[in-house]
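Summary of structural features
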Amino acid sequence: MAEITQEELNERVAILRRFKSLLEEQRGKFREYLTVLEKQQDSITSENPESLLAHTELEQQVVKNIANLQKVIVPMSKMYKANAGNDASIQKIQNELSDLQDKVLKQNAINRDLLKVHIEQLRAQIAGFKNPYKANRSVYANLQTQNVATMVHVEV
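About the criteria used
Residues numbered from 1 in each chain as written. Predicted model: local features only at pLDDT ≥ 70, side-chain atom pairs only at ≥ 80, totals over all residues. Heavy atoms only, no water. Helix = DSSP H or I, 4+ residues; strand = E, 2+ residues; numbered from the N terminus. Buried < 20%, exposed > 50% of the residue type's maximum accessible area, 1.4 Å probe, protein only. Contact = heavy atoms within 4.5 Å. Areas by Shrake-Rupley, 256 points an atom, 1.4 Å probe, with all protein chains shown as cover. Lys, Arg positive; Asp, Glu negative; His and termini not counted. Salt bridge = Lys/Arg side-chain N within 4 Å of Asp/Glu carboxyl O. Polar contact = N/O pair within 3.5 Å; in protein donor to acceptor, adjacent residues only side chain to side chain. Patch = residues over 30% accessible without salt bridge, like charges linked within 9 Å, V, L, I, M, F, W, Y side chains within 5 Å. Axes fitted to C-alpha atoms, helices over the stretch in contact; angles between N-to-C directions. Parallel < 35°, antiparallel > 145°, perpendicular 65-115°, else oblique. Left-handed = near helix turned anticlockwise from the far one by under 90°. Core = buried A, V, L, I, M, F, W, Y, C linked by side-chain atoms within 4.5 Å.

A few words on the overall build of the chain. The helix and strand inventory of the chain stands at three helices and zero strands. When the elements of the chain are put in sequence order from the N terminus, they spell out α-α-α. Buried residues in the chain amount to 22% of all 156 residues. Within the chain, contacts between residues at least 6 apart in sequence are counted, and of these 81% link residues at least 24 apart. Summed over all atoms, the accessible surface of the chain reaches about 12100 Å², with 54% contributed by carbon and sulfur.

See below:
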């Protein structure tokens, strides 16, 4: 095996540390996202629209942060692998990330199903509404069929 210089070693260590910190940050974001999704589920089941809206907005921010972080992690991952990276702590974090992603996907599916059921219930309620004025005749309806004067004769 070829000897590496101190500079190459320092570069590899720097890449490892940066990659590890990015993965830890992403893991934290996924934990935050999972928490938001769990609270969102509570908002759906309690039929609290204001809370649901707040959780949805927070969810969008967290997803945006994860996407931005992913843009940095992908090239760092390539650099890490190119430098013969094989660190056990990195592998552990990646496994945890994978588990968190699975949990997030499952929770997201649960929330979607709950929302579908809730939307169907709302549609049924709306379909059941009766217009109390439906049978009443409006004073503005069918003005053309009523006998209405079209000319006025004025004498002086």
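What follows concerns the side chain of Glu-59. In this fold, Glu-59 is placed in helix α2 (residues 49–82). For the buried Glu-59, no salt bridge exists, and the shortest N-O distance to an oppositely charged side chain is 7.9 Å, to Arg-112. Here the side chain of Glu-59 touches Gln-40 through a polar contact of 3.1 Å, side chain to side chain.

With respect to the element layout, Arg-27 can be found in helix α1 (residues 6–45). Residue classification places Arg-27 among the buried positions, given a relative accessible area of 15%. Every residue in contact with Arg-27, bar those within four places of it in the chain, is listed here: Ile-93, Glu-96, Leu-97 and Leu-100.

Okay, a nonpolar patch on the surface next. On the surface, Ile-4, Leu-9 and Val-13 cluster together to form a nonpolar patch covering roughly 190 Å² of accessible area. Checked against the element boundaries, Val-13 lands in helix α1. The exposure class assigned to Val-13 is partly exposed, which follows from its relative accessible area of 31%.

Below, the discussion takes up the packing of α1 against α2. Look at α1 against α2: their axes get within 9 Å of each other, and the N-to-C directions meet at 160°. One way to sum up the angle between α1 and α2 is to call them roughly antiparallel. The crossing of α1 and α2 is left-handed.

Before going further, it helps to spend a moment on the pattern of salt bridges. For side chains bearing opposite charge, pairing can occur when the charged atoms are close. Scanning the model with the defined rule gives four salt bridges in all. A salt bridge links Glu-96 to Arg-31, with the nearest nitrogen and oxygen atoms 3.7 Å apart. Of this pair, Glu-96 sits in helix α3 (residues 88–128) while Arg-31 sits in helix α1, placing them 65 residues apart in sequence. Across the pair Arg-123 and Glu-120 runs a salt bridge, and its minimum N-O distance is 3.0 Å. Within this pair, Arg-123 and its partner Glu-120 are both found in helix α3, separated by three residues, close to a single helical turn. The class for Arg-123 is exposed, based on a relative accessible area of 51%. What makes Glu-120 partly exposed here is its relative accessible area of 45%. Shared partners join several salt bridges into a network, and the residues in it are Arg-27, Arg-31 and Glu-96.

Another point: the environment of Gln-107. Take Gln-107: it is sitting in helix α3. Linking Gln-107 and Thr-35, residues 72 residues apart in sequence, is a C-alpha distance of 9.7 Å. Each residue touching Gln-107, except ones within four places of it in the same chain, is listed here: Leu-34, Leu-37, Glu-38 and Gln-41.

Attention now moves to the nonpolar core. Of all hydrophobic cores here, the largest spans 19 residues; its most connected members are Phe-19, Leu-23, Phe-30, Tyr-33, Ile-73 and Val-104. Of all the secondary structure elements, the ones that give two or more residues to this core are α1, α2 and α3. Among the elements that take part in this core, α1 stands out by supplying eight residues, more than any other. Beyond its immediate stretch of four places on either side in the chain, Ile-73 contacts Phe-19, Leu-22, Leu-23 and Gln-26.

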